[in-house]
Amino acid sequence: MDPEAQATENGGSPEQLAPVGKLMISYEEFGDTTDETIVLIMGLGMQMLGWDEEFCTALAARGFHVVRFDNRDVGLSSKLSGRVNIPAGMAGLTGSAVYTLDEMAGDTAGLLDHLGLESAHIVGASLGGMIGQQLAANHPRRVSSLVSIMSNTGKRKL
């Protein structure tokens, strides 16, 4: 079965690319686009496939339009030059960062723009939760609700 027919049979759309600034963000949709939207943001280095297809179709069956996507530098989304220094980032040293959480939150806002969505429920896991928090801070009207799973604010000291 071709990928588009299989995706439609499973309740999802085939992977698509959204132009967001200079990047192309790969995403998939599940459910009726007129329903309330849930955007799923995966963590560091994980493809959108980390959000299991059965989970996405189950949410769609409960009346949600579900969007999962690959962050920049992951899966089929645009790759940037340079390397992400994970140990430095975990230590709170951001001087070598190729891009910031602000930019990644901007990618999510850009995807919402591409989809014609004013706001959505945001669900993020790990780094995805941090991106969701930054999206809520920078673009509060775009976030209907936020679920941040296995995540934190990124602040090292209270």
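A. Examining the pattern of salt bridges more closely. Considering all chains together, one arrives at three salt bridges under this definition. Across the pair Glu-28 and Arg-68 runs a salt bridge, and its minimum N-O distance is 2.4 Å. Taken together, the residues Glu-28 in strand E2 (residues 23–30) and Arg-68 in strand E4 (residues 64–69) connect sequence positions 40 residues apart. Accessibility expressed as a relative area gives 9% for Glu-28, which makes it buried. In this structure, the salt-bridge partner of Asp-107 is Arg-72, at a minimum N-O distance of 2.6 Å. Linking Asp-107 in helix H4 (residues 101–115) with Arg-72 in the loop between E4 and helix H3 (86–90), this pair joins segments that are 35 residues apart in sequence. There is no split in this pair, since Asp-107 and Arg-72 are both buried.

About the thresholds
- Within every chain, residues take consecutive numbers counted from 1 along the sequence as written.
- For this predicted model, a pLDDT threshold of at least 70 governs which residues receive local features, and a threshold of 80 or more governs which side-chain atom pairs are given and counted, while totals over whole chains, interfaces and linings are taken from all residues.
- Side-chain numbers here rest on the full set of heavy atoms in the structure, without hydrogens or water.
- By definition, a salt bridge exists where a carboxyl oxygen of Asp or Glu is found within 4 Å of a side-chain nitrogen of Lys or Arg.
- Each helix is a run of H or I in the DSSP string that is no shorter than four residues. Each strand is a run of E no shorter than two, and both are numbered from the N terminus.
- For the exposure calls, accessible area comes from a 1.4 Å probe over protein chains only, and a residue counts as buried if that area is under 20% of its type's maximum, exposed if over 50%, partly exposed in between.

Purely geometric numbers; function is a separate question.
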